[in-house]
Amino acid sequence: MYIADALVCILPLLPESTAYTTLSNIALHSLPDPGQEFEFSNGALLSPILVPRVPGSKGSRDVLNHFANFFFETLPEWKITLQNSTSTTPTSDGNEIPFTNLVATRDPPWTDGTGDVSRLVLAAHYDSKSTPVGFIGATDSAASCAMLLHIARSVEQALAKKWEFEQKQAHDKDLNGGTGIQILLFDGEEAFGTWTSTDSLYGARSLAEEWETLAYSPWSEYHSPLSAIQLFVLLDLLGEENPKVPSYFKTTHWAYQRMADVEKRLREQDLLRSSRSQFLPEAHKKDTDLWIGGYIEDDHTPFMMRGVEILHMIPSPYPRTWHTMDDDGDHLHIDTVEDWAKVMLGFAAEWMDLDGWFDVR
């Protein structure tokens, strides 16, 4: 991520008519916990990501295989695609470096996913910086990737039960559209030299361009994968204790408020493990306050520039370990990582209208 030189214009307001049902207290208590899977030394979700993973390296391939195996083995109903691109970089001596994004999609079973379904997108980047050599990037952004795996697995059973019920209720009638969920794990976010518009965001730029030109049927409700995105939520630099994430965009402040409400209710019921300090402190921000959406360049930028609505979950200030060798597993605050996962899971569950579909604990 990078502080841009100029603000990007405000995009049109996302309609508040988007389906969104508040989770009951029973559902909040029923949200699955990750258990030991976020332990940095041997946690099944997080520890395989805590290796240097520069694009094109063995570490990068190993982490990509970790993601793919997770979905293939535990979430076979999710559709997995790999989007590949290559590019020269300032340090590649003219050689093409490969970049691979993983796209995991779960759509209602009665849809074909080509223009008939809208989606909540949750995204993070999995690559690490090439310098300093051996850099891990635990907050940047291994922890966020592990959170997304946990969220995908945690909503699956509830989604399947909800959609099965809706199909039975419909009987022989055709069901139209619906809302799916998509996980994007980006390669090539980091710059190889000095951050510029061409030395950064390699994977995100490639995918946004491809999705812009991928046209669905002219009779479809959504004309491209980009237009099908209801909201693009980008997680970055999460995992340090006592984070503060501002509300960056006026047009998605209502979604920020919903997530802040999830956090508030989880804290009130003692369902979070970290300090009582709010991660999302700007729920009451006013139109006349400072809004800096677009000032920080990150993987959302190529999508934002094509009209996609963004909720950017990046703390301000950045973690103290940002782009240093201390950004490793030892310096993660695991209670905070788990709490972010639960807040994000609660938000996704509300967006997907899953109240009443989690097994009561």
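These figures come from a predicted structure and were not determined experimentally.

A. View of empty space enclosed by the protein. With the rule as written, the count across this model stands at 1 cavity of 30 Å³ or more. When its volume is computed, the largest cavity comes out at roughly 40 Å³. Residue lining of the largest cavity: Pro55, Asp127, Ser128, Lys129, Ser130, Glu190, Ala191 and Phe192, and that is the complete set.

B. Structural view of unusual backbone geometry. Following Thr131, the chain continues to Pro132 via a peptide bond in cis, the omega torsion being -5°. Within the secondary structure layout, Pro132 lies in the loop between β4 (118-125) and α3 (138-170). A positive phi angle is found at Asn242, which is not glycine, with a value near 60°. Within the fold, Asn242 resides in the loop between β6 (229-235) and α5 (253-268). Exposure remark for Asn242: the relative accessible area of 40% places this residue in the partly exposed category. Even without being glycine, Asp353 reaches a positive phi, approximately 60°. You can see Asp353 is positioned in the segment after α7 (334-351). Judged by its relative accessible area of 29%, Asp353 is partly exposed.

C. Structural context of helix α4 (residues 202-213). When the terminal C-alpha atoms of α4 are compared, their 17 Å separation across 12 residues agrees well with the 16 Å that a helix rising 1.5 Å per residue should span. All buried positions along α4 are accounted for by Tyr202, Gly203, Ala204, Ser206, Leu207, Ala208 and Trp211. Buried-residue contacts for α4 involve β2 (79-87), β3 (97-106), β5 (179-186), β6 and α6 (301-304).

D. Fine view of the packing of α3 against α7. At their nearest, the axes of α3 and α7 sit 9 Å apart, and the two run at 45° to each other. Considering their axes alone, α3 and α7 lie oblique with respect to each other. Viewed along their axes, α3 and α7 form a crossing whose handedness is right-handed. From α3, Ala143, Met147, His150, Ile151, Ser154 and Val155 reach across to α7, where they touch Val337, Trp340, Ala341, Met344, Leu345 and Ala348. Tallied by class, residues from the contact of α3 with α7 come to 10 nonpolar, 2 polar and no charged.

Reading guide: rules and limits
Residues numbered from 1 in each chain as written. Predicted model: local features only at pLDDT ≥ 70, side-chain atom pairs only at ≥ 80, totals over all residues. Heavy atoms only, no water. 1 Å grid on protein atoms, 1.4 Å probe; cavity = no way out; pocket = protein on both sides within 12 Å on 5 of 7 lines; lining within 4 Å. Points joined across faces, edges and corners; volume = space filled by probe spheres on them. Helix = DSSP H or I, 4+ residues; strand = E, 2+ residues; numbered from the N terminus. Buried < 20%, exposed > 50% of the residue type's maximum accessible area, 1.4 Å probe, protein only. Expected span 1.5 Å × (residues − 1). Contact = heavy atoms within 4.5 Å. Axes fitted to C-alpha atoms, helices over the stretch in contact; angles between N-to-C directions. Parallel < 35°, antiparallel > 145°, perpendicular 65-115°, else oblique. Left-handed = near helix turned anticlockwise from the far one by under 90°. Nonpolar A, V, L, I, M, F, W, Y, C, P; charged D, E, K, R; others polar.

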